[in-house]
Amino acid sequence: MLARTPAHARSHNARSAADAVTFVATLPAVATAVGAELRDFAAERLKAHAERIRAWSRVGSPMELIEVELRFAAETMGVYADEAMHLREVAEAAAAAAVPDGKA
């Protein structure tokens, strides 16, 4: 059966197996790095929510409350988008650093 398998398919299977081994080898490092970043991000978001609640005490009208909420929502969307890109960079860097024997 192996003799009938085209050469490019055999090399693809070997490459897939090597990729799987590399993935498993780098997974702990990536999970640790991303987990640390997520804990930091969660702490920042808690601080942002605390500031939001403090801002509620300074509102003098329903329109000011709406403005506070809309500003918070807009800032939050931007922060989450930035964090998603940052987490990808952290995961890629951790994976590159953890690849055995410098294989990439």
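Preceding this paragraph is the structure being described.
Computed from a predicted structure; not experimentally measured.

Observations regarding the overall build of the chain
Within the chain, the secondary structure is distributed over two helices and zero strands. Counting across all 104 residues of the chain, residues that qualify as buried make up 16%. Within the chain, residue pairs in contact and separated by at least 24 positions form 67% of the contacts whose partners lie at least 6 positions apart. Surface accessibility of the chain: about 7,800 Å² in total, with carbon and sulfur atoms responsible for 66%.

Brief notes about the packing of aromatic side chains
Inspection of the entire model under this criterion finds one aromatic pair. A centroid spacing of 5.0 Å and a plane angle of 90 degrees characterise the contact between Phe-41 and Tyr-80, whose relative ring orientation is edge-to-face. Of the two residues, Phe-41 is situated in helix α1 (residues 7-56) and Tyr-80 in helix α2 (residues 62-98); the sequence distance between them amounts to 39 residues.

A closer look at the environment of Ala-55
Its place among the elements puts Ala-55 in helix α1. A relative accessible area of 12% means that Ala-55 is categorised as buried. Residues Ala-55 and Glu-69, 14 residues apart in the sequence, show an inter-C-alpha distance of 9.4 Å.

Here's the deal with the nonpolar core
With five residues, the main nonpolar core is built from Val-30, Val-34, Leu-87, Ala-91 and Ala-94. Contributions of two or more residues to this core are made by α1 and α2. Here this core takes three residues from α2, the largest share from any one element. With sequence-adjacent residues up to four places away left out, Leu-87 is seen in contact with Val-34, Glu-37 and Leu-38.

Looking at a nonpolar patch on the surface
On the surface, Phe-23, Val-24 and Leu-27 cluster together into a nonpolar patch covering about 300 Å² of accessible area. Along the chain, Leu-27 turns up in helix α1.

Conventions and cut-offs
- Residues numbered from 1 in each chain as written.
- Predicted model: local features only at pLDDT ≥ 70, side-chain atom pairs only at ≥ 80, totals over all residues.
- Heavy atoms only, no water.
- Helix = DSSP H or I, 4+ residues; strand = E, 2+ residues; numbered from the N terminus.
- Buried < 20%, exposed > 50% of the residue type's maximum accessible area, 1.4 Å probe, protein only.
- Contact = heavy atoms within 4.5 Å.
- Areas by Shrake-Rupley, 256 points an atom, 1.4 Å probe, with all protein chains shown as cover.
- Phe/Tyr/Trp six-rings, centres within 6.5 Å; stacked < 30°, edge-to-face > 60°.
- Core = buried A, V, L, I, M, F, W, Y, C linked by side-chain atoms within 4.5 Å.
- Patch = residues over 30% accessible without salt bridge, like charges linked within 9 Å, V, L, I, M, F, W, Y side chains within 5 Å.
- Salt bridge = Lys/Arg side-chain N within 4 Å of Asp/Glu carboxyl O.

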